[in-house]
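Residue strings, one per chain:
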Amino acid sequence: MKVLEGRNLTVKLGARLALEAVSLSLRPGEVTVILGPNGAGKSTLLACLGGLRRPDHGEVWLEGQPVMGLPPAERARKIAFMPQTPEIAWPLEARILVGLGRIPFIGARGLSAEDANAIDLAMRQTGTEGLAERDVSALSGGERARILLARALVGMPDWLLADEPLTGLDPGYQLDSVNLLRTLAKREGCGIVVTLHDLTLAARLADRIILLKAGRCLTEGSPAEVLTSDHLAEAYGIEAALINGPGGPILDILGRS
Amino acid sequence: MTRRQMTLIGLTLALILLALASLCAGKVWVPFPLWFGSPTDPLWGILFQLRLPRTLLAMAVGATLGLTGAALQGYTRNPLADPGVLGVSAMAALGAVTALSLGLAGAAFLPTAAMAGALIGVVMLLMLAGTGTSMVTFVLAGVILNTLAGAGVALVMSLAPNPWAAGEIMDWLMGSLVDRSLADLAFALPFMMAGCGLVGLTGRALDALTLGETGARSLGINLSRTRLWLALGVALSTGAAVAVTGVIGFVGLVVPHLLRPWVGARPSGLLMPAALGGAVLVLAGDVLVRLIPAEAEIKLGVAMALLGAPFFLTLLISLRRRLA
């Protein structure tokens with residue numbers, strides 16, 4: 001069974017519990033959005049799911065195998081991970097940066113023709129072909145975000161885990177990214193898990209939402225099931241309502257509850 | 001042909017020409033035809049017992065410093081890193097000086113002590129900087145190590161039994177390739193090569209680290225293994241290099257920075273050119289100090305520092321401009 005599953009995940013940060021007994025099961029072809037206030041444990045949960053952090057209790061299972069037991073390169077071929085604050089240390093050419101995503105695939109001989117094709121495809125998917133020769137340090141924030149997304153997609157992963165991938169993008173790029181992520185899930189069957197802060201974007205992007213508060217899973221389900229006034233009041237301390245706008249659901253925030 | 005390949009060919013040609021010049025040049029000029037002359041000729045002795053080891057050592061030490069500089073910059077993601085700035089060379093020197101002052105300057109003991117010092121230095125560096133490799137903590141850890149090693153060396157010198165011993169240590173510290181023998185070369189070269197080989201293994205991990213630690217780990221890189229290869233590799237190669245030549249700074253800092261515009265900034269692609277570039281720079285420096293007419297030959301380490309300090313300054317200014 002092709003699922004990414006967290007069982008009873010508990011993570012301690014000092015004396016505090018960053019995650020407390022969180023269980024969830026994610027399916028390919030679905031976009032799952034992890035929501036929750038600052039410090040709720042979203043990033044910690046994502047890192048556990050990606051096999052980058054060993055939970056203190058519980059285990060993450062990828063397609064029937066414990067994710068921490070997989071050889072790192074094999075795990076990296078299946079799960080692409082985009083950290084929250086992306087770092088690009090050197091002024092690389094954009095194409096070379098995207099190529100870094102092929103590291104789990106390349107043999108001793110360096111990039112193969114297959115790798116080159118994958119790089120071309122990922123850059124086409126993200127609309128960054130025109131930037132191939134450019135120096136990433138000279139790109140705009142939106143261009144850089146798309147290059148980093150291409151870097152994640154270049155391994156054609158079964159799972160894409162991204163920590164706040166839409167933060168800092170203008171509405172146009174946000175829309176492009178939402179469309180691209182949904183297409184990847186629906187057409188390629190990729191399982192997509194992202195953390196977000198924007199509730200309207202979450203309502204439009206997600207097939208399923210997991211709402212965290214203080215390390216616990218408050219509720220999970222479809223956007224309409226999760227984004228209710230009661231849940232939002234409990235998680236964020238806000239008075240809010242999901243209303244239907246002309247372009248889809250809008251989360252209207254009325255004030256502090 | 002790519003720019004990188006052209007640069008590699010250019011550096012190789014420069015290295016060959018400089019090696020030939022290095023065999024000829026010095027207080028006594030050894031002209032080319034003599035190389036095939038009789039072994040009884042005194043010039044032949046100069047050529048093979050003095051110039052040849054000196055030339056080979058300059059190349060090996062330069063390659064070591066260039067390569068480790070490029071690798072440490074890649075690992076710390078900081079263009080201001082090199083074995084000198086991070087205090088590894090100074091710790092190797094402390095090890096060597098301790099051996100010298102104990103009168104244990106045998107061909108085997110001095111390099112061993114220097115490598116042990118370098119290894120302690122690298123381990124302390126990694127411990128001080130923690131597993132998170134931020135630019136600031138690494139440079140601060142380097143400052144601490146340099147201060148500590150400096151104090152250690154001063155202590156050893158002040159405890160020296162006689163002025164002659166202190167003078168010998170001082171002389172050695174300044175970094176030079178004068179009067180090194182084939183035996184020095186034979187002992188140090190395998191360690192430099194083994195160390196450089198270990199450092200070379202980290203190329204792919206250094207590329208992945210461009211995306212930060214989390215990014216690298218998500219690409220399946222085992223960072224503990226990277227740290228192990230790098231620490232052992234830098235300790236062996238820098239330790240052996242410092243043991244034969246004393247401290248020669250700035251090579252590891254300057255060379256990667258000069259080559260990046262030519263070969264690209266990808267860390268693994270920079271390793272080989274940086275090794276060649278380091279060899280070129282040290283060999284050129286060593287030929288130069290032999291040609292400067294002076295009462296006593298100017299020490300190579302001093303010459304490099306005189307060239308390197310202004311370079312360090314301009315690098316800092318350009319970095320500050322970029323960050324502003």
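Please read all numbers here as calculations on a predicted model, not as lab measurements.

## Some points on the overall build of chain B
When its secondary structure is counted, chain B shows 13 helices and 0 strands. In chain B, the order of α-helices and β-strands from amino to carboxyl end is α-α-α-α-α-α-α-α-α-α-α-α-α. Over its C-alpha atoms chain B spans a radius of gyration of 20 Å, differing by no more than 12% from the 20 Å that the globule rule assigns to 324 residues. Principal axes of the C-alpha set define a box for chain B whose edges measure 65 × 55 × 35 Å. Expressed as a percentage of the 324 residues in chain B, the buried residues total 54%. Expressed as a percentage of contacts within chain B between residues at least 6 apart in sequence, the contacts between residues at least 24 apart total 77%.

## Here's the deal with the environment of Gly168 of chain A
Within the secondary structure, Gly168 of chain A is located in the loop between strand 7 (159-163) and helix 6 (171-188). Considered as a pair, Gly168 of chain A and Thr219 of chain A are 51 residues apart in the sequence and their alpha carbons are 27 Å apart.

## Side note on the side chain of Asp163 of chain A
All names here are of chain A. In this fold, Asp163 is placed in strand 7. No salt bridge is formed by the buried Asp163; the nearest opposite charge belongs to Lys42, separated by 7.1 Å. Within polar-contact distance, the side chain of Asp163 engages the side chain of Ser43 at 2.7 Å. A distance of 2.6 Å separates a polar atom in the side chain of Asp163 from a polar atom in the side chain of Thr195. Not counting residues up to four positions away in its chain, the partners in contact with Asp163 are Ser43, Leu46, Met82, Pro83, Gln84 and Thr195.

## Some words on the pattern of salt bridges
All names here are of chain A. On inspection of all chains with the given rule, the structure shows 18 salt bridges over all chains. The shortest N-O distance in the salt bridge between Lys2 and Asp158 comes to 3.8 Å. On the criterion of sequence distance, the pair formed by Lys2 in the segment before strand 1 (4-13) and Asp158 in the loop between helix 5 (141-153) and strand 7 is long-range, its members being 156 residues apart. Judged by relative accessible area, which is 25%, Asp158 ranks as partly exposed. The residue Asp115 makes a salt bridge to Arg102 at a minimum N-O spacing of 2.7 Å. Here Asp115, found in helix 4 (residues 113-125), pairs with Arg102, found in the loop between helix 3 (94-99) and helix 4; they are 13 residues apart in sequence, far enough to count as distant. The same class applies to Asp115 as to Arg102, namely buried.

## Observations regarding the sheet that holds strand 9 (residues 208-213) of chain A
Residues and elements named next belong to chain A. The 6 strands lie next to each other as 6-7-8-3-9-10, forming an open sheet whose pairing is mixed. On the outer flanks of this sheet lie strand 6 (79-82) and strand 10 (216-221), each paired with one strand and no other. Averaged over all pairs of adjacent strands, the angle between their axes in this sheet comes to 15°, without regard to strand direction. Of the strand pairs in this sheet, strand 9 and strand 10 are connected by 5 bridges, and their pairing is antiparallel. Across the sheet, the residue bridging to Lys213 is Arg216, located in strand 10. In the packing of helix 6 onto the sheet, contacts are made with strand 3 (31-35), strand 7 and strand 8 (191-195), and the angle to strand 8 comes to roughly 150°. Taken strand by strand, helix 9 (residues 229-236) contacts strand 3, strand 9 and strand 10, and its axis lies near 40° from that of strand 9.

## Observations regarding the pairing of strand 3 of chain A
Residues and elements named next belong to chain A. When you tally the buried positions in strand 3, you get 5 out of 5 residues, the bulk of the element. Residues Val31, Val33 and Leu35 point to one face of strand 3 and Thr32 and Ile34 to the other, with burial holding for every one of them. Pairing between strand 3 and strand 9: 4 bridges, direction parallel. Bridge pairing links Thr32 to Arg208 in strand 9.

## Comments concerning the confidence of the model for chain A
Here chain A averages 92 in pLDDT, and 98% of its residues register 70 or above. Within chain A, strand 12 (residues 248-256) of chain A has the poorest average pLDDT of any element, 90, and strand 3 of chain A the best, 97.

## Things to note about the nonpolar core
Inside soluble globular proteins, nonpolar side chains tend to come together where they are buried. In this structure, Val33, Leu35 and Leu160 of chain A are the most contacted members of the largest nonpolar core, which totals 144 residues. Ranked by the residues each element gives to this core, the list is headed by helix 2 (residues 42-76) of chain B, at 12 residues. If near-sequence neighbours (up to four positions away) are discounted, Val33 of chain A is found in contact with Val194, Leu196, Ala202, Leu205, Ala206, Arg208, Ile209 and Ile210 of chain A. With 26 residues, the next largest nonpolar core counts Cys48, Val67, Ile79 and Ile210 of chain A among its residues.

## As for the interface of chain B and chain A
Facing the 22 residues of chain B at the interface are 25 residues of chain A. For the chain B and chain A pair, buried surface summed over both sides reaches about 1900 Å², with 67% attributable to carbon and sulfur atoms. Sorting the residues of chain B by area buried against chain A places Arg204, Leu211 and Leu219 of chain B first, and these three jointly supply 32% of that buried surface. At the junction of chain B with chain A, the criterion picks out 1 salt bridge. When the shortest N-O distance is used, the salt bridge between Glu87 of chain A and Arg77 of chain B registers 2.6 Å. Our enumeration of links across chain B and chain A arrives at 5 residue pairs in polar contact (both at pLDDT 80 or more). Among the secondary structure elements, those contributing two or more residues to the side of chain B that touches chain A are helix 2, helix 8 (203-209) and helix 9 (212-218) of chain B. The residue inventory of the side of chain B that touches chain A, partitioned by class, reads 7 nonpolar, 9 polar and 6 charged.

Criteria and cut-off values
- Residues numbered from 1 in each chain as written.
- Chains lettered and ligands numbered in written order.
- Predicted model: local features only at pLDDT ≥ 70, side-chain atom pairs only at ≥ 80, totals over all residues.
- Heavy atoms only, no water.
- Helix = DSSP H or I, 4+ residues; strand = E, 2+ residues; numbered from the N terminus.
- Rg over C-alpha atoms; globule rule 2.2 N^0.38 Å.
- Buried < 20%, exposed > 50% of the residue type's maximum accessible area, 1.4 Å probe, protein only.
- Contact = heavy atoms within 4.5 Å.
- Lys, Arg positive; Asp, Glu negative; His and termini not counted.
- Salt bridge = Lys/Arg side-chain N within 4 Å of Asp/Glu carboxyl O.
- Polar contact = N/O pair within 3.5 Å; in protein donor to acceptor, adjacent residues only side chain to side chain.
- Pairing = 2+ DSSP bridges.
- Axes fitted to C-alpha atoms, helices over the stretch in contact; angles between N-to-C directions.
- pLDDT = per-residue confidence, 0-100.
- Core = buried A, V, L, I, M, F, W, Y, C linked by side-chain atoms within 4.5 Å.
- Buried area = accessible area lost by both parts, 1.4 Å probe.
- Nonpolar A, V, L, I, M, F, W, Y, C, P; charged D, E, K, R; others polar.

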